Amino acid sequence: MMGWLLCSSRCAPAVFRRSSFITLLPLALLLPALRVSAQLLGSPLDCQKTCVCASNIISCSKINLTNVPTALPQYTAVLDLSFNSISRLRAEWTPVKLDRLESLLLSHNSLTFLSSEAFVYVTKLRYLDLSSNGLRQLDEVIFEPLEHLEVLLLYNNRISQIDRSAFSNLIVLQRLYLSQNQISRFPMELVKERSRMESLRLLDVSSNRIKTLPLYELQALPAWIKNGLYFHNNPLPCSCELYDMVARWNLKELSSATDFRVNHTCVLPGQQKEKVPILDLNKVSLNCSEVRIMDEEAFLEQFVVLDCDTRQKDMVKSWALPGNIPVPLENNTAKMLPDGSLQIGPLQVEDSGVYTCYATSDSFNETLYVTVVVFNSTMSGGMESLKTAYTTLIACLVSVVMVLIYLYLTPCHCTCCPGQGLEKNDPTDSLHSSTVSISQAHEEMGQERVEGKGKDFSYTHVGFLQPKDQLEQNGRLNLISEKDKEWQEDSRERRRSDAESVSSACSDTPMVV
């Protein structure tokens, strides 16, 4: 009995210590989990020591936060968490809906991860700043809940991949900043006609790695989109097409071209990869043609539509005819179309002049001038004149060819061939011979007729003058009568001269005069 009491008195402390250890062990294991959970969820909002709370504005910037504070009030409209060390924006960063939150500032953090459900509880956001972080890609559904977002800042990140539908649900987005990233493809789907965001006024993709631009598609965009389309400081290859587009935007005074005129550069072909201003390509380098805005040209009886391509959308437009005369409501030749353009026609010569478009809005006014030149002929008349000119030109060419054929390619009609039965003293005589007499057979036949009938038939010999005489007559033939004393020589000498003349006329060698 005493042994049992002694044992129980000794064993009781050990049993107590064992039970205490078993009780404290789960608590010890739970503390790290609570600490991790506290780190993931962040500390509760403290408007006295860490953050500044002014009505519905909460500013917790520059306090080295690693997570978003918890217990945010539901009336919060502006939440500033910039210049901290938040690296991941999880889905549970706010466990309750913040229906009044309109502006969320997360710039200059270390953000590298955005949960696909990060914005599920802040669907009324209108301004989101994620600039100056370490984001690398934008997935398809990240911004899908933000149907009311108007401004999205993503500049100065490391973004290289953007899903084509990443911004598709941002139906009221007005300004999108993507500059100073690693983007290599121009996001044309954001501005082209069928897939564009109709509210988008500004798209900044400057200072990226874009090497090609869809120039023809960009040229076809309306001016209110091109006015806010910034693409300077990209490694674009120099070309006259690129110069033509930038020069036209500069002449139209579009902000995207005029505000960053010096920063619009391109890379010359070659190993040195030299950068030159795009607007200087017409002076040096590629020697591109200078761009000028041409007037509108038309013909009689045509219809012309004049565009009022303003730098802002949805402006109130009105037109004035030449002489600053407002367009009457009942005008048969000038009619304003629903899109703000002006249709004029059928045109007459007196319709030539400067037409003025006045565009107004609450914050911006713009005036555009369009010069119309009407030619005093119809389009069909102009084509007929062109056809007549071509016909005349072709007729002149045919005439010249026929003259050349007559002079150099006329076939020989002589009854004899050169060199057969005729005597030649010197092969070079044919080159200098310039007199062609009638053949011997013809001469003898004439003599027989004279002797037989006893009648005096006068016949005429025709020949070319000597080279000296030909020069004096300017290449014209001179008819020589048989009665001249030069033809009263001996018949043999005349035959020899005739042979030489025939040889010269029938020779393949061209005559030299």
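Residues numbered from 1 in each chain as written. Predicted model: local features only at pLDDT ≥ 70, side-chain atom pairs only at ≥ 80, totals over all residues. Heavy atoms only, no water.

1. Concerning the sheet that holds strand 17 (residues 304–306)
Logical step 1: Strand order in this open sheet of three strands is 17-21-20, and the pairing throughout is antiparallel. Edge positions in the sheet fall to strand 17 and strand 20 (334–336), since each of these pairs with one other strand and no more. Across the sheet, the axes of successive neighbouring strands diverge by a mean angle of 25°, strand direction being ignored. (Pairing = 2+ DSSP bridges. Helix = DSSP H or I, 4+ residues; strand = E, 2+ residues; numbered from the N terminus. Axes fitted to C-alpha atoms, helices over the stretch in contact; angles between N-to-C directions.)

2. Structural notes on the nonpolar core
Logical step 1: One finds Phe-119, Phe-143, Leu-154 and Phe-167 to be the most contacted residues of the largest nonpolar core, which totals 76 residues.
Logical step 2: Elements represented by at least two residues in this core include exactly helix 2 (215–219), helix 3 (223–226) and helix 4 (240–251).
Logical step 3: Looking at this core, the element that brings in the most residues is helix 4, giving six residues.
Logical step 4: In contact with Phe-143, not counting residues within four places along its chain, are Phe-119, Leu-128, Leu-130, Leu-138, Leu-152, Leu-154, Ala-166, Phe-167 and Leu-170.
Logical step 5: With 17 residues, the next largest nonpolar core counts Ala-298, Cys-308, Leu-342 and Val-370 among its residues. (Core = buried A, V, L, I, M, F, W, Y, C linked by side-chain atoms within 4.5 Å. Buried < 20%, exposed > 50% of the residue type's maximum accessible area, 1.4 Å probe, protein only. Contact = heavy atoms within 4.5 Å.)

3. Examining the layout of surface pockets
Logical step 1: Volume-wise, the second largest pocket comes out at about 750 Å³.
Logical step 2: Lining the second largest pocket are 25 residues, with Lys-252, Ile-293, Leu-368, Tyr-369 and Val-370 positioned closest to its centre.
Logical step 3: Counting only elements with at least two residues in the lining of the second largest pocket, the list comes to helix 3, helix 4, strand 17 and strand 23 (365–378).
Logical step 4: Tallied by class, residues from the lining of the second largest pocket come to eleven nonpolar, three polar and eleven charged. (1 Å grid on protein atoms, 1.4 Å probe; cavity = no way out; pocket = protein on both sides within 12 Å on 5 of 7 lines; lining within 4 Å. Points joined across faces, edges and corners; volume = space filled by probe spheres on them. Nonpolar A, V, L, I, M, F, W, Y, C, P; charged D, E, K, R; others polar.)

4. Here we look at the pairing of strand 23
Logical step 1: Here strand 16 (residues 296–300) runs beside strand 23; their pairing, made up of five bridges, is parallel. Note that in strand 23 the partner of Glu-297 across the bridge is Val-373.
Logical step 2: Pairing of strand 22 (residues 353–360) with strand 23 involves eight bridges; the strand directions are antiparallel. Looking at strand 23, one finds that Val-354 is bridged to Thr-371.
Logical step 3: Following strand 22, the chain reverses through four residues before pairing antiparallel with strand 23.

5. Here's the deal with the sheet that holds strand 12 (residues 202–204)
Logical step 1: Pairing is mixed across the open sheet formed by nine strands, whose spatial order is 1-2-3-5-7-9-11-12-13. Either end of the sheet is taken by a strand with one partner, and the two such strands are strand 1 (52–54) and strand 13 (229–230).
Logical step 2: Judged from the three bridges that link them, strand 7 (residues 127–129) and strand 9 (residues 151–153) form a sheet pairing that is parallel. Its bridge partner being in strand 9, Tyr-127 is matched across the sheet by Val-151.

6. Here we look at the packing of aromatic side chains
Logical step 1: The tally for this structure, following the rule as stated, stands at five aromatic pairs.
Logical step 2: Ring plane angle 90° and centroid distance 5.7 Å describe the contact between Tyr-230 and Phe-260, whose orientation is recorded as edge-to-face. One end of the pair, Tyr-230, is in strand 13; the other, Phe-260, is in the loop between helix 5 (255–258) and strand 14 (265–267), and 30 residues separate them in sequence.
Logical step 3: Of the residues examined, Phe-260 reaches a relative accessible area of 30% and is grouped as partly exposed.
Logical step 4: By the ring-pair criterion, three or more aromatic residues cluster together here, those being Phe-119, Phe-143 and Phe-167. (Phe/Tyr/Trp six-rings, centres within 6.5 Å; stacked < 30°, edge-to-face > 60°.)

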